[in-house]
2 protein chains.
Amino acid sequence: MAAHLDFVKHNEKYVSSFDKGHLPLPPSKKCIIVTCIDARVEPASQLGIQLGEAHVIRNAGGLAEDALRSIIISQRLLGTREIAVFHHTDCGMLTFSTDQLRQIVKDADPGNTAVADQVDKIDFLEFNNLEASVKKDAAFLKDNPLVLKDTSITGWVYAVETGKVTQVV
Amino acid sequence: MAAHLDFVKHNEKYVSSFDKGHLPLPPSKKCIIVTCIDARVEPASQLGIQLGEAHVIRNAGGLAEDALRSIIISQRLLGTREIAVFHHTDCGMLTFSTDQLRQIVKDADPGNTAVADQVDKIDFLEFNNLEASVKKDAAFLKDNPLVLKDTSITGWVYAVETGKVTQVV
């Protein structure tokens, strides 16, 4: 059964006790969380973030480079001044290479040149060392001229086995 | 005070009652949620998604185009077969144009040609009609040759004023 068939039912319960309709657009803690799409990651409960407090950017890996468009919008239009990057243990990004994934996509649709051309243009940005990838992303943000100079930047690892966060940068 | 100073304290409480260390990497409901970074959006509680059930991709606006790298990884390596796109009322993406934001970034660092060159390469992907942007994103996913043909695709609007979701596609 498609998951979306349950959304409305669950949402009706949420709406029945909703009292946060007054929250403003800019995040009250001026903070951006960058983290992975992984189904075991849930920043609000794992970090104690309340509704309205922080922007949450999520992409495969939790990669700063892929988050740059959103970070610029968040900082320049909505006043955030802090970025916390989280990568996590047992991440899918540790399990493949861009070449391998391109081949998987091509093999699933053999002879389709549109698929081959388009997937060859995508860098999937995999990594092979968790702590090194967090440090690389923090450095990317510190050095990037499009990120505001006065931004507080931290880097973290979340352990899906224990629920525990550890600061790396 | 920087928000990250509270993360460890909140996380210690989360860890003390954590019992989900056994969850596997692939999402159990084979579902991807694409939604905005907005601080008032919190898909787990608003849609009733439990830990381990769904991938959550978040970028400014909740845009499918900007989510494509993550969607391919999710579908081809981790078995997801459903995508639900959520945009929301009072979204920051409705409030500016790419040209305006490029100018804001340049004005903050006048004469810096590296900044000007780099920001001019970024399309911030703003939109001016909420329902139309949801439909556009659902169509983008249906037509994109890199998205699997058998994917269930739905499109939704989340109302930050009431907490309510409405299906559009």
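Residues numbered from 1 in each chain as written. Chains lettered and ligands numbered in written order. Predicted model: local features only at pLDDT ≥ 70, side-chain atom pairs only at ≥ 80, totals over all residues. Heavy atoms only, no water.

### Concerning the overall build of chain A
So, step 1. Each helix and strand in chain A was counted, giving six helices and five strands.
So, step 2. Along chain A, helices and strands appear, N-terminal first, in the series α-β-α-β-α-β-α-α-α-β-β.
So, step 3. Each of the three principal axes of chain A carries a C-alpha extent, and together these read 55 × 45 × 35 Å.
So, step 4. For chain A, the proportion of its 169 residues judged to be buried stands at 58%.
So, step 5. A separation threshold of at least 6 residues defines the contact pool for chain A, and within that pool the share at least 24 residues apart is 68%.
So, step 6. Counting every atom, chain A has about 7,100 Å² of accessible surface; 52% of that belongs to carbon and sulfur.
So, step 7. Here chain A holds 18 positive side-chain charges and 22 negative ones, and the gap between their average locations is 7 Å. (Helix = DSSP H or I, 4+ residues; strand = E, 2+ residues; numbered from the N terminus. Buried < 20%, exposed > 50% of the residue type's maximum accessible area, 1.4 Å probe, protein only. Contact = heavy atoms within 4.5 Å. Areas by Shrake-Rupley, 256 points an atom, 1.4 Å probe, with all protein chains shown as cover. Lys, Arg positive; Asp, Glu negative; His and termini not counted. Charge placed at Lys NZ, Arg CZ, Asp CG, Glu CD.)

### Let's talk about the pattern of salt bridges
So, step 1. Throughout the structure, instances matching the rule amount to 18 salt bridges over all chains.
So, step 2. Of the charged contacts in the structure, one is a salt bridge between A:Lys29 and A:Glu53, with a shortest N-O distance of 3.8 Å. Of this pair, A:Lys29 sits in the loop between α1 (7–16) and β1 (31–35) while A:Glu53 sits in the loop between α2 (43–47) and β2 (54–58); the two residues are 24 residues apart in sequence, bridging distant segments of the chain.
So, step 3. The closest approach of N and O atoms between B:Arg69 and A:Asp66, which form a salt bridge, is 3.0 Å. Remark: A:Asp66 occurs in the loop between β2 and α3 (68–78) and B:Arg69 occurs in helix α3 (residues 68–78); the pair is interchain, linking two chains.
So, step 4. Relative accessible area serves as the criterion here: at 7%, B:Arg69 is assigned to the buried category.
So, step 5. Salt bridges sharing common partners tie together A:Asp6, A:Lys9, B:Lys29 and B:Glu53. (Salt bridge = Lys/Arg side-chain N within 4 Å of Asp/Glu carboxyl O.)

### Focus on α3(B)
So, step 1. Extensive coverage of α3(B) is indicated by the burial of 10 of its 11 residues.
So, step 2. Three or more residues of α3(B) are buried, namely B:Leu68, B:Arg69, B:Ser70, B:Ile71, B:Ile72, B:Ile73, B:Ser74, B:Gln75, B:Arg76 and B:Leu78.
So, step 3. Summarising the contacts, the buried residues of α3(B) are in contact with α4 (98–107) of chain A together with β1 (31–35), β2 (54–58), β3 (82–88) and α6 (130–143) of chain B.
So, step 4. One or two residues past the end of α3(B) sits B:Gly79, with phi positive at roughly 80°.

### With respect to the interface of chain A and chain B
So, step 1. Taken together, the contacts link 85 residues of chain A with 85 residues of chain B.
So, step 2. Both faces considered, chain A and chain B share a buried interface measuring about 6,800 Å² in area, 66% of it formed by carbon and sulfur atoms.
So, step 3. For chain A, the biggest contributors to the area lost against chain B are A:Phe7, A:Leu25 and A:Arg69; these three give 11% of the whole.
So, step 4. For the pair chain A and chain B, the number of links is four salt bridges.
So, step 5. Across the pair B:Lys29 and A:Asp6 runs a salt bridge whose closest N-O atoms are separated by 3.8 Å.
So, step 6. The residue inventory of the side of chain A that touches chain B, partitioned by class, reads 49 nonpolar, 20 polar and 16 charged. (Buried area = accessible area lost by both parts, 1.4 Å probe. Nonpolar A, V, L, I, M, F, W, Y, C, P; charged D, E, K, R; others polar.)

### Looking at the UniProt feature "binding site: Zn(2+)" (unreviewed entry) in chain A
Residue and element names in this part refer to chain A.
So, step 1. This chain's UniProt record puts "binding site: Zn(2+)" (unreviewed entry) on Cys36, Asp38, His88 and Cys91. In summary, the annotated positions, though distributed over 56 residues, converge in three dimensions, the widest C-alpha pair being only 8.7 Å.
So, step 2. Residues within four places of His88 in sequence aside, it is in contact with Cys36, Asp38, Arg40, Val41, Leu130, Tyr158 and Val160.
So, step 3. Residues in contact with Cys91, not counting those within four places in the same chain, are Cys36, Gly61 and Phe127. (UniProt positions renumbered as here; feature names shortened; annotations may be inferred.)

### Quick word on the side chain of A:His87
So, step 1. You can see A:His87 is positioned in strand β3 (residues 82–88).
So, step 2. Looking at A:His87, its side chain comes within polar contact range of the main-chain oxygen of A:Gly62, at 2.9 Å. (Polar contact = N/O pair within 3.5 Å; in protein donor to acceptor, adjacent residues only side chain to side chain.)

### Considering the relation of the copies chain A and chain B
So, step 1. It takes a turn of 180° to lay chain A on chain B, together with a shift of 0.0 Å along the axis; the resulting RMSD is 0.0 Å. Both copies of the chain, as the preceding transformation shows, are related through a two-fold rotation axis. Taking C-alpha positions as reference, the residue of chain A nearest the rotation axis is A:Arg58, located at 2.3 Å.
So, step 2. Both copies share a contact surface, since 100% of the interface residues of chain A are interface residues in chain B too. (Least-squares fit on C-alpha atoms with pLDDT ≥ 70 in both.)

### Notes on the packing of aromatic side chains
So, step 1. Considering all chains together, one arrives at eight aromatic pairs over all chains under this definition.
So, step 2. Relative to B:Phe7, the ring of A:Phe86 lies with its centre 5.8 Å away and its plane at 55°, an arrangement referred to as tilted. With A:Phe86 in strand β3 and B:Phe7 in helix α1 (residues 4–16), this pair bridges two chains. For the residue pair A:Phe86 and B:Phe7, the accessibility class agrees, reading buried in each case. (Phe/Tyr/Trp six-rings, centres within 6.5 Å; stacked < 30°, edge-to-face > 60°.)

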